[in-house]
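# Commentary on secondary and tertiary structure
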Amino acid sequence: MAEHRNGNTKTTDGKASGAAGGYTINLDNFGKRLKMMYSHWNEYNDDLWGASEVLAVATPPPSEDLRYLKSSALNIWLLGYEFPETIMVFMKKQIHFLCSLKKASLLEVVKKTAREVVGVDVVMHVKAKNDDGSALMDSIFRAVNSQSSLNGHNTPVVGHIAREAPEGKLLEKWDEKLKGENFQLADITNGFSDLFAVKDINEITNVKKAAYLTSSVMKHFVVPKMEKVIDEEKKVSHSSLMDDTEKVILEPAKVKVKLKAENVDICYPPIFQSGGEFDLRPSASSNDQNLYYDSTSVIICAIGSRYNSYCSNVARTFLIDANSIQSKAYEVLLKAHDAAISALKPGNKASAAYQAALSIVEKNAPELAANLTKSAGTGIGLEFRESGFSLNSKNDRVLKPGMVFNVSLGFQNLQAESKNPKTQKFSLLLADTVIVGQNVPEVVTSASSKAVKDVAYSFNEDDEEEEPLKVKPDVNGAEAFSKANLRSVNHEMSKEELRRQHQAELARQKNEETARRLAGGGSGATDNRGAAKHTGELIAYKNVNDIPPPKDLMIQIDQKHEAILLPIYGSMVPFHVATIKSVSSQQDTNRSCYIRIIFNVPGTPFSPHDSNSLKFQGSIYVKEVSFRSKDPRHISEVVQMIKTLRRQVTSRESERAERATLVTQEKLQLSGAKFKPIRLSDLWIRPVFGGRGRKLTGTLEAHANGFRYSTSRPDERVDVMYANIKHAFFQPAEKEMITLLHFHLHNHIMVGNKKTKDVQFYCEVMDVVQTIGGGKRSNYDPDEIEEEQRERARKNKISMDFQNFVNRVNDLWGQPQFKPLDLEFDQPLRELGFHGVPHKSSAFIVPTSSCLVELIETPFVVITLSEIEIVNLERVGLGQKNFDMTLVFKDFKRDVFRIDSIPSSSLDGIKEWLDTTDLKYYESRLNLNWRPILKTITDDPEKFIEDGGWEFLNMEASDSESDNSQESDQGYEPSDVEPDTASEDEDDDSESLVESDDDEEEDSEEGSEEEEGKTWEELEREASNADREKGNESDSEEERNRRKIKAFGKSRAGPISSAPKRAKMR
């Protein structure tokens, strides 16, 4: 890791970024950090600075190798740039710089700040080009001796960085003269390590930017690149992967990271290891061997990047068709790594991290403890490994907020049960960049997932079936057939049989599971369909004085009190509008108009079970009342006003009733000014808000514990809590007109005045318009081409905005406080989709990893696969173009869900998908009435289990049983005696109601043979019997005899013309 070319380190020699005139030193940072250094030196001089009176730091000339030096780190930390071939001597009253003229001119600006902050004078010693600097060094030594004599010391204690060997003529001369003087030398490496350990806010920002780049490269380049190589079975070397990854780090725009390339560099050449050769040391490198990704292989990837010279690191291990040993080892390592990170809290010792990891390993897999790395990582910052802050078992340094660590943990040289030399030994490694916070540590590289589901790949799911087909290599080492070909041939040959076996196993498991659930009474929730409708007590007027004065005994509508005043026997009688069931008007021929008002009365059909009517069951009710008027206009106005008022009251009461059943949600915690919410603008919402105004787009914001959608209208606002989200979906526009985010909730919420469990936010990717005369335009019309390009650009921009929002929210949900919710945006798998009719119109239904969804047409379809008991495919096997799918839920009180009119071409794909998701499916030739079936199961679950559970749906088993019974009962009896037609009809009636096409063909063949064997007298007798049954008894005896003679004559001439005449007679 440590030996490589220097990228774009900022130096003041003009080689990296230009002339010295382009550099400016941040005096605020310089003053603050110089004061911090002198304070630390004075406070910890005896413990960390070797009781030194003088600090001498010499920075070597620039190098093409990538290296980490304390002297360079001090330059960057204090001055913002690296000053190569510069000697800095810090004394209590003076600071001496020995450097070239160009550097001295740049350092002139620090003199005033140094005097103001710590009261020291800055002295410049400018070295000429061909001067070795001896005279200047002597003047510095004289100043050192002078200060020491003033302090009463004969031998000055000079601190220097002992581990850095001198490079270049200037530093070699300095080292020679320093050791030749009468100085006592002390190593001050630990002092600088402790000084650099706690980062300020600017340093933390640089670390976070570097970590964001590192995790983005791992997530958006390394992982997709590796997956493509494995999927396409390419041969790519570790070193070529290293080169490609390094180029991406140095050009952040390739992974859509908005950091300037001149501020970015690599920490070390990216590391790729596989094929049994692993080295977990920081100095490891990528070799020229090809990436090895056969079964039970392990791939280790480690990358590090720097931003403004601050380092970050991430390492991940990927498992290919892992065996049980590898899976267990990785799970233990994952727990140990998380434990080490959790131990990085203020006040803990550095050794606590390693002890926490070791205790997890010893508890869960003690046999792996010997293979655990001896350290859990090191401090990281301006140096990739900060000395003195190793997370080993012996380090007693106390952790403080603002420290940054590269938490790196692994297992070295584990043994796998394999005969393949490339997979016999394997190692595992995980590394993350972690900041010690005030309370909990912050993992700044968490965007790159290390969860088992994201690093474990399964490509050889049917290895067991493949092994007999593997061909040994010939003398040249080449295989006669590739593995891919063998896999595909074996797959095609055994796919249906494997599916059948798997379904049989699923049937057994499903029956056992259903039996346990029914035995425990877990058939589902109670049925609330007969519950009474609750409304508030209906009071139109609390006081008689509130009734408005009568107006000529006319029907009045009191909008304020929601009452209708009817003139009855000379008095105005008020009725609350909620008591009215319907109102209508009719005009007769005498120009008189009638108004008829029907009230809600208990006991009438279809009347709602209202609590007010149940309250006064012994009372006498007015069922309806009619009035006649000679003013049709007034009657029509009254009818319209009553209907409008009734509609408003009904809507309000239904909304109130729905709100009363809502589950109380937690309050949304808005993000503060420090952390802005994740925002996505210009979205529409479904279901839409109520109201008659123009619909407006709004903005969706992700806050601390939920989403908020709001428009410019203050009353149009929806909060969706993270804890209430059951499923989250992101569906980009491919063949649709909208890109959408969809949330399926645990509990209902109100959107406007609608109660819903599904909330969708979408954006139209293109305008739905039709150009007049568009059919006459040429394919090469530049206007049309430009319009298509604009639409494509708009579509891509919207998809990118949605994808960025989804990625940032997924990163937010990946934080520890949201892990129990198990939230992640799911994306529909369009290649597995099929057309069907879930409600009233045809739609494209698409599976996801955990659901079956249709998110374009309303009402939406979101079905959780884990809630499905079985799937029944109906109307299958009759040669029809479509079939139906019925989903039976584990809650037997819940109605089944039907998807009708699915094209038969989708049948195999649906079967394959159901089988891979471990859903048991059955096939039937007719649609079943599921309500009585489920009621029978819940009424007598024991009998359901005794009868074989769901096997009554197994069409193949029932067909085979019926065939066996027929063969055993009847057998094959060769006989010349013709069977009785009546008995055959009875047998036919006793067979199953659903017959296959083969059965129909056999019946038709038997019928034809039967007809060929009958004489014309038998046919005539059957026809007369049929006529007699129909009542045709009026024929005369002569007509019957004539038909009989005619039929007899035809029977004698049968062989000559029997075929056409029989056909004509039929």
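Preceding this section is the structure that the text describes.
Throughout this description, residue numbers start from 1 for each chain and increase along the sequence as written. In keeping with the predicted nature of the model, local features appear solely for residues at pLDDT of at least 70, side-chain atom pairs appear and are counted solely at 80 or more, and the whole-chain, interface and lining totals rest on all residues. The side-chain figures draw on all heavy atoms in the structure; neither hydrogens nor water molecules are used.

## Notes on the sheet that holds strand β1 (residues 54-59)
For two strands to pair, DSSP has to find at least two bridges joining them. We count a stretch as a helix when DSSP gives it H or I for four or more residues in a row; a strand needs E for two or more, and each element gets its number in order from the N terminus. Pairing is mixed across the open sheet formed by six strands, whose spatial order is β4-β3-β2-β1-β5-β6. The open sheet has two edge strands, β4 (121-126) and β6 (184-187), and neither has a second partner. On average, adjacent strands in this sheet sit at an angle of 20° to one another, irrespective of strand direction. Sheet topology places strand β5 (residues 157-160) next to β6; four bridges connect them, and they run parallel. The partner of Val 158 across the bridge, within β6, is Leu 185. Along the sheet face, helix α6 (residues 134-150) touches β1, β2 (86-90), β3 (94-99), β4 and β5 and points at about 165° away from the line of β3. An axis is simply a line fitted to the C-alpha atoms; with a helix, the fit covers only the stretch in contact. Between two such axes, the angle follows the N-to-C directions and lies from 0 to 180 degrees. The contact rule is simple, with two residues in contact once any of their heavy atoms fall within 4.5 Å.

## Looking at the side chain of Thr 514
Among the structural elements, Thr 514 can be located in helix α16 (residues 483-519). The buried category is assigned to Thr 514, whose relative accessible area is 0%. Separated by 2.7 Å, the side chain of Thr 514 and the backbone oxygen of Lys 510 make a polar contact. The residues touching Thr 514, leaving out its near neighbours within four places in the chain, are Glu 869, Phe 892, Phe 944 and Trp 950. In this scheme, a residue with accessible area under 20% of its type's maximum is buried, one over 50% is exposed, and one in between is partly exposed, where area comes from a 1.4 Å probe on protein chains only. Whenever a nitrogen or oxygen atom comes within 3.5 Å of another N or O atom, the pair is scored as a polar contact, on the condition that within protein one atom can donate a hydrogen and the other can accept it, and that pairs from neighbouring residues in sequence are kept only if both atoms are in side chains.

## A few points about helix α7 (residues 168-180)
To estimate the expected span of a helix, count its residues, drop one, and scale the result by 1.5 Å. Between its terminal C-alpha atoms α7 stretches 18 Å, which fits the 18 Å expected from 13 residues at 1.5 Å a residue. Taken together, the buried positions of α7 are occupied by Leu 170, Leu 171, Trp 174, Asp 175, Lys 177 and Leu 178.

## Some words on the environment of Lys 199
Tracing the backbone shows Lys 199 in the loop between α8 (189-197) and α9 (201-231). Classification of Lys 199 as buried rests on a relative accessible area of 6%. Of the polar contacts made by the side chain of Lys 199, one reaches the side chain of Glu 386; its length is 2.8 Å.

## A short note on the sheet that holds strand β22 (residues 624-629)
One open sheet accounts for three strands, arranged β20-β21-β22; its pairing is antiparallel. A strand with exactly one partner marks an edge of an open sheet, and here the two such strands are β20 (580-587) and β22. For this sheet the average axis-to-axis angle between neighbouring strands, irrespective of direction, equals 15°. Pairing geometry for strand β21 (residues 593-599) and β22, over six bridges, is antiparallel. What sits directly across from Ile 595, in β22, is Phe 627.

## Overview of the nonpolar core
Grouped together as the largest cluster of nonpolar side chains are 134 residues, with contacts concentrated most on Leu 74, Phe 90 and Phe 192. Among the elements that line this core, the one with the most residues is α9, at 13 residues. Ignoring anything within four residues of it in the chain, the contact list for Phe 90 reads Leu 34, Met 37, Tyr 38, Trp 41, Glu 53, Val 54, Leu 55, Leu 74, Leu 78 and Ile 95. Buried Ala, Val, Leu, Ile, Met, Phe, Trp, Tyr and Cys residues that are joined via side-chain atoms within 4.5 Å together make up what is termed a nonpolar core.

## Things to note about the environment of Ala 56
Along the chain, the position of Ala 56 falls in strand β1. Remark: the alpha-carbon pair of Ala 56 and Phe 90, spanning 34 residues in sequence, is separated by 6.4 Å. Setting aside anything within four residues of it in sequence, one finds Ala 56 in contact with Met 88, Val 89, Val 158, Gly 159, His 160, Ile 161 and Trp 174.

## Focus: the pairing of strand β32 (residues 843-847)
The side chains of a regular strand alternate between both faces of the sheet. Counting buried positions along β32 yields four of five residues, so the element is predominantly enclosed. Of the pairings in the sheet, the one linking strand β31 (residues 834-836) to β32 comprises three bridges and is antiparallel in character. For Phe 834, the partnering residue across the bridge sits in β32 and is Ile 845. The turn joining β31 and β32, which pair antiparallel and follow one another in sequence, is formed by six residues. Pairing of β32 with strand β33 (residues 851-854), which is carried by two bridges, proceeds in the antiparallel orientation. Considered in β33, the bridge of Pro 847 is made with Leu 852. Taking the residues that link successive antiparallel strands as the turn, the β32-β33 hairpin has three residues.

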